[in-house]
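Take a look at the letters that make up each chain.
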Amino acid sequence: MLCDSLQLPSIREENENMRGRSVTPRRQDMMPSPSREIFRQTRPLTKTPKSLKTTKIASKEKRRLKKMGDNVKVAVRVRPFNDREKQRKAKLIIEMEGSTTIIKDPANMEAEGRKYTFDYSYWSHDGYKERDDGYLEPVDGRYADQAHVFKDLGRGVLSNAWQGFNCSLFAYGQTGSGKSYSMVGYGENKGIVPVTCEELFKGIEEKKLTDDQEKEAEYQVSVSMLEIYNETVKDLLNPSSFKKGGLKVREHPQKGFYVEQLRISPVRNYSDIEARISEGNFNRTVAATNMNATSSRAHTIVAINFAQKAKNDAGKSMTKTSIINLVDLAGSERADSTGATGDRLKEGSMINKSLLCLGNCIKALADKQLGKTTAVPYRDSTLTRLLKNALGGNSKTIMIAALSPADINYDETLSTLRFADRAKSIKTKAIVNESPTDKLIREMKEEIKRLQDQLKGGGTGGVVIQGIPQDEVEEMRRQMEEELKKNQQEMEDMKLTWQQRLKEQEEGSLKMLLEERNKQEARKTTPHFWNLNEDPMLTGMIVHFVPAGKHILGNSDPADIILKGLSVQREHANIVNKSNSVIKIQPKGTVLVNGKTITEETELRHNDRVMFGSTHLYVFHHPQDAAKQEKEGTNIEKVSFDSAQQEIAENKGFDMGTKGKSTEDLLLQEDLLRIMPMVNEANAMSEELDKKMKFELALLSPQARGLKDGKTEVLIKAKNLENGNEFLWDQNKFINRKYIMQEMYQNYSEGDDDWDYEKEKDPFWEPVDSSVMIGTAFLYLQSVAYCVEFDEMIPVTDMAAQEKCKLKVKAIPCDQKGIPLNDDTFVEDPKELLNTAFRFKISIDQCLGLPRKYAKVWCRYKFYFSDEWNTSEMADSDTLNPNISYEEMFTADPVTQVFIDDLQETPLLIQVWGRQKPGVLEPSLAKATTKELFKIDPEKLRYLSQDKQQTKTKAATAAQKKADKKDKKADKNAAKSKVTSNDKDKDEQIEQLKAEIERLKIAMSNNSSSNNIRVGDLGFADDSSDRKLRMLGSLVSEARNKNKPVVLTDRVDSVLRTGQDLSPNRIREAEVNAAMGSGNESGKSKVCTIS
């Protein structure tokens, strides 16, 4: 339940009372849920005797309390083009005629558009001018300004609140469609929320001044604010509630669903409400940044509780309550219907669960209005449970759907219109929430006494429970104690006067208010960073000051500026402020300034965009430098989240210009700006969680997808750094996986021991047998149009236009039996085939030069005029040239001019698919972390096949054993020779060998400063050292033959010491160590330059 859900419901307001009946509360209705279940098993329910019911009631009172049935009011509003849409020369696809809204398909603007009729259709796209104070007022009768929208929608909300009805106002639409403008507004263009609140407090003051009876009345206004993200509820006015699992959603027998322990703050005027909402947005921004959450995927509910306490005509004290719920739903971006198809984790993320369930509830409610019998799935998500009353219960509900006018948002706008069209048929039944104040207090006392009696009787009300485990009885007792504690607290609150509660709240808020005022003053004179967020409402909420001196920025103490979240190190950067004149940043972790990564000390200027790690995006404000730039006439550009992301994309090599770009190119840019930050986040999470996966952007042309034209798709290449396998994910699959990664990372950051998922549920893991597209080939069929056979090898290229292999393909004109036609059937003009039956075969014989990394390979192809793919069987790729042996015959009967044109002008697309073999990372990197692997040039990462690695490992082990055995024998013989031999010639050879080795060591030492070994220095002295010197010479020759200017000193040292070269395995280890520069100083592999 939404309307009563945002306050703690322990005061019972039974529906029977609303009908004018007085009924003794049933004991089981007042128990916590488990107790009621047990009670029903142990004692039959009894019906209330009719003698207890009051049958008389004043007709006026009866009419006032009668349930009211109303349709949900639905309004749609279209905004002006934003700056990005103007740059992209977007087309207007929305038209409005009275209450009717028309949307046109940008692919066919001449055709009649789809029409939808609502209660209100507001045209706010153009036809306005800006006054001196900034207010946008109409220049013609068509433009709907903020005052117009409030008059139609806000006045109704206000009127219903005074009458004691619950009210709900929804804002629905994609991110950036203008929801916040209608709800909140900016500057003088105040939205429905602030104007409604201001008018409410004005009405209270007027009531107190003009009505003698009402002077004794008491008016109480309080506010609460919560967020639902990923099915978790957070109290935005109480950051201490930001714990794992969030707040609990409970269900009350009469009041429905509510949020347990939600803070409700009393307020005196709209300024107090504005301060509480600002506080909530600040807490929301900090939490979203620290937890790597996506703010556009969160739902926010602000509830304004309005209570009127006064005496009725009979002099009886009455309480009339209304809850105004302002619901800002998450962005309704429409997922591609084909997105994440076949992904084992497509249902794994709960990020979109609430919106999907909301759509299901809207559909079910609309079906019920058509007479269909269907259950409404309110319980399927947190959002729909809390919105139950707003959608089909005790509330007067308004929905405002925000529309984008641009053609590039056609799919999302059409989806929004369909959603709003369903919602307009829903009916709600609102009632006046009015009860005698004395009765409320009496019922509260009775409920507390009942719970106390139950606890004294063992927690089950004195009822003997047979066969119930002790732990369940204890759970019942615990729930009763919790309910008793809550009711006692509410009783204590009721004893306080409204003024006392206000005073307590104001004392707690005074310090915060002073801090906020001081912060605003400091921003005028002190250099500081302010945050950028994809949600404009959350931009500028976080401020970090950098007064004169040195400041450490990091993720924990001893940092002065603490930033939590992805890729932020303990000491990430130093910021040095020299007397507010020159301010420099010294990076220690990843820092981007104006889109470029910096590695050395850099001076910061006013309006610089700075990113710390992968998600903390800020703008630097330097008041002194700003004044200087303004004096010099420098144009200071306005910075937004989108412009900062565009700047980063440009510095990564993407063309983000708009001049001369087609609509498809502009849509591609939109996708890049949206996906690029997500890829950065996914890589940062992979690093911190050590998942050995790396993600990159990839572009796939429409032709490579089997389309004649269309926009280039942004895909994500996911590479497993452990085995070298690469996979392509579409956007929706990647985004879905990224949200699950965020859930995993959040559990990890909270210290959950079970943060890691099993392999099948791990969003980073992709099975080795997943199919991947190796590349595409194009077969041109002009010769077939002349009845000439085509028999060639055509190249297969990947997305980077690199040739991966070749296909041996034939295109053969044939008769109806599939027999190739004779050369005599050649036609000079393809038009000779018109209106005849023509047949030809496509034969894919073999794939040549296929990389060894693939275990299976197959092909598929389709004609542009067909939606059907023709797919071959899987072929084993044990060789470099696997046989495909796939043949299909096609018939055109009769041949048309379109068919001939396609044969002559449009190539046949052939896609080559495969399944990869898992490789093995070279042994020296087997224990490297994800962070270490990210630092290595991808070209230097070497993967060995598992079979080859096992063979090499066995061979290397055997060779090493043989070498060790030989070394031991040589050492033994040398020792024996030294002790027993008196032969003068042998002694001379030994001495000569020693001298030669010493000379070589001296030669190496003399060249150690440059690591050079000259071939002439090695020399060949005599027969006794000839073997070792020949080996050294062969190392040099080997290096030169491979065009390498260096020789590993480990190999030279091994030859000099043992007379043997290193084993192949140890050579690889030394090469990797030399390339990485890993290990300590003593264990580091060095190279000697050959000169």
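One numbering rule holds for all chains: residues counted from 1, following each sequence as written. The model is predicted, so local features are restricted to residues of pLDDT at least 70 and side-chain atom pairs to those at 80 or more, both for listing and for counting; the totals for chains, interfaces and linings are taken over all residues. Computation of side-chain values: all heavy atoms of the structure, hydrogens and water removed.

Novice: Just give me the short version of the overall build of the protein chain, but keep the residues and values in it.
Specialist: Only DSSP runs of H or I covering at least 4 residues are called helices, and only runs of E covering at least 2 are called strands; the numbering of each starts at the N terminus. Along the backbone of the protein chain there are 28 helices and 49 strands. Of the contacts made within the protein chain by residues no fewer than 6 positions apart, 67% connect residues no fewer than 24 positions apart. Taken as a whole, the protein chain presents about 55,200 Å² of accessible surface, with 47% of it coming from carbon and sulfur. In what follows, residue pairs with any heavy atoms lying within 4.5 Å of each other are defined as contacts. To measure how exposed things are, a 1.4 Å probe is used in the Shrake-Rupley method; for residues, cover is taken only from the protein chains shown.

Novice: Got a sec to walk through the confidence of the model for the protein chain? Specific residues and values, please.
Specialist: Note that predicted coordinates carrying low pLDDT should not be read in detail. pLDDT: the predictor's confidence for each residue, scored from 0 to 100. Summing up the model confidence of the protein chain, the mean pLDDT is 79 and the portion of residues at 70 or higher is 74%. In this model, residues 335-341 is a region of pLDDT below 50 whose contacts with residues beyond four sequence positions or in other chains number 9 contacts. A low-confidence stretch, residues 459-466 (pLDDT under 50), is modelled with 19 contacts involving residues beyond four sequence positions or located in other chains.

Novice: So what's going on with the pattern of salt bridges? Which residues, and what values?
Specialist: Salt bridge, as applied in this entry: a Lys or Arg side-chain nitrogen positioned within 4 Å of an Asp or Glu carboxyl oxygen. Applying the stated rule across the entire model yields 40 salt bridges. Salt-bridge contacts for lysine 115 lead to glutamate 112; the nearest nitrogen and oxygen are separated by 3.6 Å. The pair formed by lysine 115 and glutamate 112 is uniform in burial state, with each residue classed as exposed. A 1.4 Å probe rolled over the protein chains alone gives each residue an accessible area, and that area as a share of the maximum for its type sets the label: buried under 20%, exposed over 50%, partly exposed in between.

Novice: Can you explain helix α27 (residues 1049-1058)? Please cite residues and give values.
Specialist: Residues separated by three or four positions in an α-helix point in the same direction, a consequence of the helix having 3.6 residues per turn. By the burial criterion, the buried members of α27 are Thr1049, Arg1051, Val1052, Ser1054, Val1055 and Leu1056. Note on α27: the residue one or two positions beyond its end, glycine 1059, has a positive phi of about 75°.

Novice: Report on the packing of aromatic side chains, specifying residues and quantitative values.
Specialist: Put simply, two rings from Phe, Tyr or Trp (the six-membered ring, in Trp's case) pair if the centres are within 6.5 Å, and we call them stacked under 30 degrees between planes, edge-to-face over 60, tilted for the rest. As enumerated under the stated definition, the model contains 24 aromatic pairs in all. Here the aromatic rings of phenylalanine 695 and phenylalanine 734 are separated by 5.9 Å at their centres, their planes lie at 55°, and the arrangement is tilted. Taken as a pair, phenylalanine 695 in strand β33 (residues 693-700) and phenylalanine 734 in helix α19 (residues 731-749) lie far apart in primary sequence, 39 residues in all. For phenylalanine 695, a relative accessible area of 2% corresponds to the buried category.

Novice: Tell me what's going on with the pairing of strand β12 (residues 218-229), and back it up with residues and numbers.
Specialist: Counting buried positions over the 12 residues of β12 gives 11, a clear majority of the element. Of the pairings in the sheet, the one linking β12 to strand β17 (residues 299-311) comprises 11 bridges and is antiparallel in character. Across the sheet, residue glutamate 218 finds its bridge partner in β17, namely lysine 309. Note that β12 and strand β16 (residues 265-267) share 3 bridges and pair antiparallel. The residue bridging valine 223 from the neighbouring strand is serine 265, located in β16. Whether two strands pair depends on DSSP finding at least two bridges between them. Alignment of β12 against strand β13 (residues 232-235), held across 4 bridges, turns out to be antiparallel. Bridging from a neighbouring strand, isoleucine 228 pairs with valine 233 of β13.

Novice: Could you give me a rundown of the environment of leucine 699, with the residues and numbers involved?
Specialist: Mapped onto the fold, leucine 699 is located in strand β33. Residues leucine 699 and leucine 668 lie 31 residues apart in sequence; the distance between their C-alpha atoms is 9.2 Å.

Novice: Describe the pairing of strand β18 (residues 317-328), listing the residues and the values that go with them.
Specialist: Pairing of strand β9 (residues 167-172) with β18 involves 5 bridges; the strand directions are parallel. In the sheet register, leucine 169 faces β18, and the bridge partner there is leucine 326. One ladder, built from 12 bridges, connects β17 with β18; its direction is antiparallel. Residue pairing for β18: threonine 300 is matched across the bridge by aspartate 328.

Novice: How would you explain the side chain of aspartate 367 if you had to name every residue and give the values?
Specialist: By secondary structure assignment, the location of aspartate 367 is in helix α9 (residues 353-369). Judged by its relative accessible area of 14%, aspartate 367 falls in the buried class.

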